[in-house]
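The lines below spell out each chain.
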Amino acid sequence: MDPLTDDELDHFIELRLRHMGIDLSVLPGEDARAPADRRRVLAAVRRLLRDQMPVVADLALDPIAWPPILYPSGLAGGDRGSHETGVGP
Amino acid sequence: MDRRSFLVRMGALSAAAAVAGCAPATAGAGAGASSSVAASPPGSETAAADTFFRSLPLPDPSRMGATDPVEFTAWEAAALIREGRLGVLEYTDAFLTRIRRWDGVYQAFNEVTDQMARERARALDDAPVRGLLHGVPLAVKDNIHTAGVRTTANSHIFQDFVPDRDATLVRALMDAGAIMLGKSQLGPLATTRALTPDGEVTTLNAWAPGSPDVSPGGSSSGSATAVMARLAPVALGTQTGGSITMPSRAQGATGLKPTFGRVSLDGVIPLSYTRDHVGPMTRDARDAAMVLQAMAGEDPRDPRTLGLPPVPDLLTAATPLEDGGRVRVRWGTRLGIFPGWADGGGDGGKNRQDFLRETEATGVQVVEIPLPEGWDELTSGALNAIRLVERAEPFLPYFKEDVRLFGVTLTSFIQGLFVSGDEYLKGQRAKLALLRLVLDDILSRCDVVALETHVPFDMIGLPLLALPVGKREVAGVEVPDGVLLGGAPFGEERLLAVAAAFQARTDWHRKRPADPTLEEEARLNRLGARGRLDLDTVAREAQ
């Protein structure tokens, strides 16, 4: 399949936002002095979709060995400082 | 949806957690950061504080070369207060005086609660000395709830939000005797260096007030600047992606991001449910230990704190041993470095080599560790981007209300709506794989590891500590250089032990920046003199 064009991706992004009830049209189309404009927001979302999420999707991980863990550090016990030198102050 | 509805929702989650939890409460609910002093602090806390301060050499202000109490570390000041040689109001006023004089330049604070602080200081002067932080003033990052005091997260969304109760961790610190000086500046919604919601630079690096381009580090910029500019002795930061350790490294503070779950997130405006942390930003490891000791522990309002290993004696950990006049790290410790970590010319390489030499002199064994296979893949920017889902979800009502509420931070929030469920799950699965890699291939060979970046340990919630080890030049200005150390799960004590031993042999942590010049002050008062960050820059630097 051919990769999506900028226009196709922008259309997908705008439809998804509209479906969620989010109105991007309140932003200026292009205004570098504005805190945010549509052109830059759409470009940033396109970068995420094109450059980053495919890397995540393609990562091969054994589904049995690696279940999803929200808070992994809590599983791992603790460092109790067990090697005190024993030299008193 | 109004701001209150957001908080009501958060409150409902907390209440559910309280019902589900079975641990005893560690902090009172419903009380505010008022000027009153609790009648009966926990006896164990008082006993621990007494033992700690008895073990310290009594500071001698004249020997310390400091005549102004703002120059003391918090533990030094707390010890002098206990001895009746420093008044709480005197100490508090010293910081308020500097805030009045200099915060127009630094802009480290969003709000200064001077009247409340002075009333509380007077009350503490009249009360028996009790908690660990008795009389210690504190800057609280402005994304942490404080009763009756605006908590804005530097955002349009929360600009008028006034919580009706303190975050659990704030209440714990107040119960230990701390005094809130005010709310410190941050990047909008805790994302980047401190800015107004629309991108105007606010907080400056305390070492470069004449150069707004020199970043103070983000997002806990105001906390680091307050501590290093002597506007507060200690401060609180939050970290989702480097926001405690980066400003600490940028400004010479000692910053500690504890293990995930070590400090309650009740009353902290969420940026990521799985990666948010609260930690101390201080002038040395002992101060960091004091603050963390006072606020760490289980909280029925935050289920993520329950069922974890108990909080150890961090104060002892941050007190090095002496052997015939020679400083020794408290525990035999292996410090791991990756190949090339201390190589390179310039100040950076020299500072790291000096750090290793001084640390080895305390008894630490330095070991080189190969970079594990799979490290780059599991710590990639793509997997780091998974966190964006967690900042988008709680803010969905505000997207629907008006996307302009997000100001210059809109991009990284709205990106989170475009990570699919399967991608998010993959990211959570990768966390376990990364933890296994860290435990098996790194922390099996060392107790503490020197890291280039905070990202891997932020992803899996492991503790990080930043400390100053030298100086470097940025844009023609000399600023501190810091290193970043990572520890095992709940291994804060080991990080503190290594840092405290290094700091007992060196004085980088005692260096302070000069006050701004009148010329710098005049220049910064001009409209637009600080500059601004645009949408793309904020997205690139988003924590």
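About the thresholds
- Residues numbered from 1 in each chain as written.
- Chains lettered and ligands numbered in written order.
- Predicted model: local features only at pLDDT ≥ 70, side-chain atom pairs only at ≥ 80, totals over all residues.
- Heavy atoms only, no water.
- Contact = heavy atoms within 4.5 Å.
- Buried area = accessible area lost by both parts, 1.4 Å probe.
- Helix = DSSP H or I, 4+ residues; strand = E, 2+ residues; numbered from the N terminus.
- Phe/Tyr/Trp six-rings, centres within 6.5 Å; stacked < 30°, edge-to-face > 60°.
- Buried < 20%, exposed > 50% of the residue type's maximum accessible area, 1.4 Å probe, protein only.
- Pairing = 2+ DSSP bridges.
- Axes fitted to C-alpha atoms, helices over the stretch in contact; angles between N-to-C directions.

**Q** Run through the interface of chain B and chain A, naming residues and quoting values.
**A** Contacts between the two partners involve 66 residues from chain B, matched on the other side by 57 residues from chain A. Of the roughly 5,100 Å² buried at the junction of chain B and chain A (both faces included), carbon and sulfur atoms supply 67%. Area buried by chain B at its contact with chain A is led by Phe418, Arg429 and Leu432 of chain B, which between them contribute 15% of it. Secondary-structure elements contributing two or more residues to the side of chain B that touches chain A are strand S7 (321-323), helix H12 (375-378), helix H13 (381-384), helix H15 (396-401), helix H16 (410-415), helix H17 (421-442), helix H19 (492-505) and helix H21 (535-541) of chain B. With 13 residues, the top contributor of residues to the side of chain B that touches chain A is H17 of chain B.

**Q** Can you tell me about the packing of aromatic side chains, naming the residues and giving the values?
**A** The full count for this structure, using the stated rule, is 15 aromatic pairs over all chains. Considering the side-chain rings of tyrosine 71 of chain A and phenylalanine 260 of chain B, the 5.1 Å spacing of their centres and the 10° angle between planes classify their relative orientation as stacked. You can see tyrosine 71 of chain A sitting in the segment after helix H2 (38-58) and its partner phenylalanine 260 of chain B sitting in the loop between strand S5 (254-257) and strand S6 (277-282), one on each of two chains. Judged by its relative accessible area of 31%, tyrosine 71 of chain A falls in the partly exposed class.

**Q** An account of the sheet that holds strand S12 (residues 464-474) of chain B is needed here, citing residue identities and associated values.
**A** Residues and elements named next belong to chain B. Strand order in the open sheet formed by eleven strands is S1-S3-S2-S4-S6-S5-S12-S13-S11-S9-S10, and the pairing between neighbours is mixed. Strands at the two margins of the open sheet, each flanked by one partner only, are strand S1 (109-112) and strand S10 (365-368). This sheet shows a mean twist of 30° between the axes of neighbouring strands, independent of strand direction. Note: strand S9 (residues 334-337) against S10, four bridges, orientation parallel. The residue of S10 that forms the bridge with glycine 336 is valine 367. Docked against the sheet, helix H5 (residues 114-126) engages S1 and strand S3 (179-184), running at close to 160° with respect to S3. Together, strand S2 (137-141), S3, strand S4 (234-239) and S6 form the strand contacts of helix H6 (residues 168-175), whose direction differs from that of S2 by roughly 180°.

Geometric descriptors of this kind do not, in isolation, establish any biological role.
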